[in-house]
Amino acid sequence: MGPHPAVAAIRLAVRRVLHDLLTEHTHEATPHERPPSPLVLVACSGGADSMALASALAFEAPRLGIRAGGVTIDHGLQDGSDLRASEVVLRLRELGLGPVESAAVTVGRGGGPEAAARDARYAALDAAAERHGAAAILLGHTRDDQAETVLLGLARGSGIRSLSGMAAVTGAGGRYRRPFLHLDRQTARKACMVQSLPVWDDPHNADPAYTRSRLRHEGLPALEKALGKGVVEALARTAQLSRDDADALDSWARQAEASVRDAAGLLECAKLYALPPAVRRRILRRAAIEAGAPAGSLFARHIEEVDRLITGWRGQGAINLPGKVVAQRQGGRLVIRQG
């Protein structure tokens, strides 16, 4: 008799990602060289999603000749967080994972509590990957998380890229992998239950002070009540379609950029004007970032103001952008540089 369907689903998802990693790892090796066994880490909070992921990794990795370890992050935001992190380390070791470690971080205040915790978490995960020489880190984001991310992007009005949600592969060199983006949260929880895996439910996930928590417990249920079941699946599908479109437009913008610069490398306004707005604004955003504007602080309204120097030129002055970057029109050219 085979495993429970929920367990089979999470194992299959992890197996596919591990196969991809093995293929990449083999291609990176020099001819006639047998590459060492890669190390894959799982980021585990102790919650149902990441515990299901850890159990699937512990089961699948040895069968493919892959070393498997784990990292848990102690954000220090709740009393007893250090003890909870120690419990997660113990559970991961009981699954047979190694190396396993807990990393304590200091959460700043920049960008709000959720963004600050995320930044601290990824910095610690990057450091762990470098320290152990890990080929990848698996993250337990599910289809439900993807749907929430799409709605948050929609609320920000940041354009099609924000609607594309989370990619299955992100980070430097494709470090982060998300095997569960096509699986719902309930499947992961069911997999933990049938395997008798203890899970920890983070009280922050139910705290209405956090935007994602309100969306999860109030927003999505209200949408499902108004529109019927299937909203989560539809939003996740929207994410993939939006990602495909955004990737195509990004590629178009990269190819078009060389054709709108003069011999000195300056952007020519007339040639920019002839491009579709979605392509033109991508070129403007890239130019602003290259000039020193922080990507995380560069919003759609900033790019729209710069765009008006091309499409609505009335002799207006320079546009101030984040990072002390200035955009101005000079003699039919668009100059974007640090002021």
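Residues numbered from 1 in each chain as written. Predicted model: local features only at pLDDT ≥ 70, side-chain atom pairs only at ≥ 80, totals over all residues. Heavy atoms only, no water.

Colleague: I tried to follow the overall build of the protein chain on my own but got confused; where do I start?
Modeller: Looking only at helices and strands, one finds 12 helices and 10 strands in the protein chain. Seen along its three principal axes, the alpha-carbon backbone of the protein chain occupies a region of about 70 × 60 × 40 Å. Counting all 339 residues of the protein chain, 45% fall into the buried class. Within the protein chain, counting contacts between residues at least 6 apart in sequence, those at least 24 apart form 66% of the total. As presented, the protein chain carries roughly 17,500 Å² of accessible surface, and 53% of it is formed by carbon and sulfur atoms. Charge-centre separation for the protein chain: the mean point of 44 positive side chains lies 4 Å from the mean point of 37 negative side chains. (Helix = DSSP H or I, 4+ residues; strand = E, 2+ residues; numbered from the N terminus. Buried < 20%, exposed > 50% of the residue type's maximum accessible area, 1.4 Å probe, protein only. Contact = heavy atoms within 4.5 Å. Areas by Shrake-Rupley, 256 points an atom, 1.4 Å probe, with all protein chains shown as cover. Lys, Arg positive; Asp, Glu negative; His and termini not counted. Charge placed at Lys NZ, Arg CZ, Asp CG, Glu CD.)

Colleague: Looking at this model, I keep getting lost on the environment of Gly159. Mind explaining?
Modeller: With respect to the secondary-structure elements, Gly159 resides in the loop between α5 (143–156) and α6 (160–163). Residues Gly159 and Ala246 lie 87 residues apart in sequence; the distance between their C-alpha atoms is 9.3 Å.

Colleague: What exactly am I supposed to notice about the side chain of Arg280 here?
Modeller: Counting through the fold element by element, Arg280 comes out in helix α11 (residues 277–291). Judged by relative accessible area, Arg280 falls into the buried class, the value being 4%. A distance of 3.0 Å separates a polar side-chain atom of Arg280 from the backbone oxygen of Leu275. Not counting chain neighbours up to four residues away, the residues in contact with Arg280 comprise Leu272, Tyr273, Leu275, Asp307, Ile310 and Thr311. (Polar contact = N/O pair within 3.5 Å; in protein donor to acceptor, adjacent residues only side chain to side chain.)

Colleague: I keep staring at the nonpolar core and nothing clicks. Help me out?
Modeller: Here is a general trend for soluble globular proteins: nonpolar side chains tend to be buried in one another's company. Ranked by internal contacts, the top residues of the largest apolar core, which has 36 residues, are Val14, Leu18, Leu57, Leu97 and Phe180. Going through the elements one at a time, α1 (5–28), β1 (39–43), α2 (48–60), α3 (81–94), β4 (136–138) and α7 (185–194) are the ones with two or more residues in this core. With 9 residues, the top contributor of residues to this core is α1. Setting aside chain neighbours within four positions, we find Val14 in contact with Leu53, Ala56, Leu57, Glu60, Leu138, Pro179 and Phe180. (Core = buried A, V, L, I, M, F, W, Y, C linked by side-chain atoms within 4.5 Å.)

Colleague: What is the right way to look at the pairing of strand β10 (residues 333–338) in this model?
Modeller: The side chains of a regular strand alternate between both faces of the sheet. Judged from the 2 bridges that link them, strand β7 (residues 267–268) and β10 form a sheet pairing that is antiparallel. Bridge pairing in β10 places Glu268 opposite Arg333. Where strand β9 (residues 325–330) meets β10, 6 bridges bridge the pair, whose relative direction is antiparallel. Each bridged residue has a counterpart across the sheet, and for Arg329 the counterpart in β10 is Leu334. Where β9 folds back on β10, the antiparallel hairpin that results is connected by 2 residues, among which Gly331 adopts a positive phi of roughly 55°. (Pairing = 2+ DSSP bridges.)

Colleague: How should helix α12 (residues 300–311) be read in this particular structure?
Modeller: With 12 residues, α12 should cover 16 Å at 1.5 Å per step; its first-to-last C-alpha distance of 16 Å lies within 8% of that length. Those residues of α12 lying buried are His302, Ile303, Val306, Asp307, Leu309 and Ile310. The arc that holds the buried residues of α12, viewed along the axis, is 140°, so those residues lie on one side. Lining the buried residues of α12 we find α10 (269–273), α11, β8 (319–321), β9 and β10. (Expected span 1.5 Å × (residues − 1). Arc of directions from axis to C-beta.)

Colleague: How should I be thinking about the sheet that holds β7 in this particular structure?
Modeller: Whether parallel or antiparallel, the strands of a sheet pair through hydrogen bonds between backbone atoms. Read from one edge to the other, the open sheet built from 4 strands follows the order β7-β10-β9-β8, with strand pairing classed as antiparallel. Either end of the sheet is taken by a strand with one partner, and the two such strands are β7 and β8. Running at roughly 35° to β10, α11 makes contact with β7, β8, β9 and β10 of the sheet. (Axes fitted to C-alpha atoms, helices over the stretch in contact; angles between N-to-C directions.)

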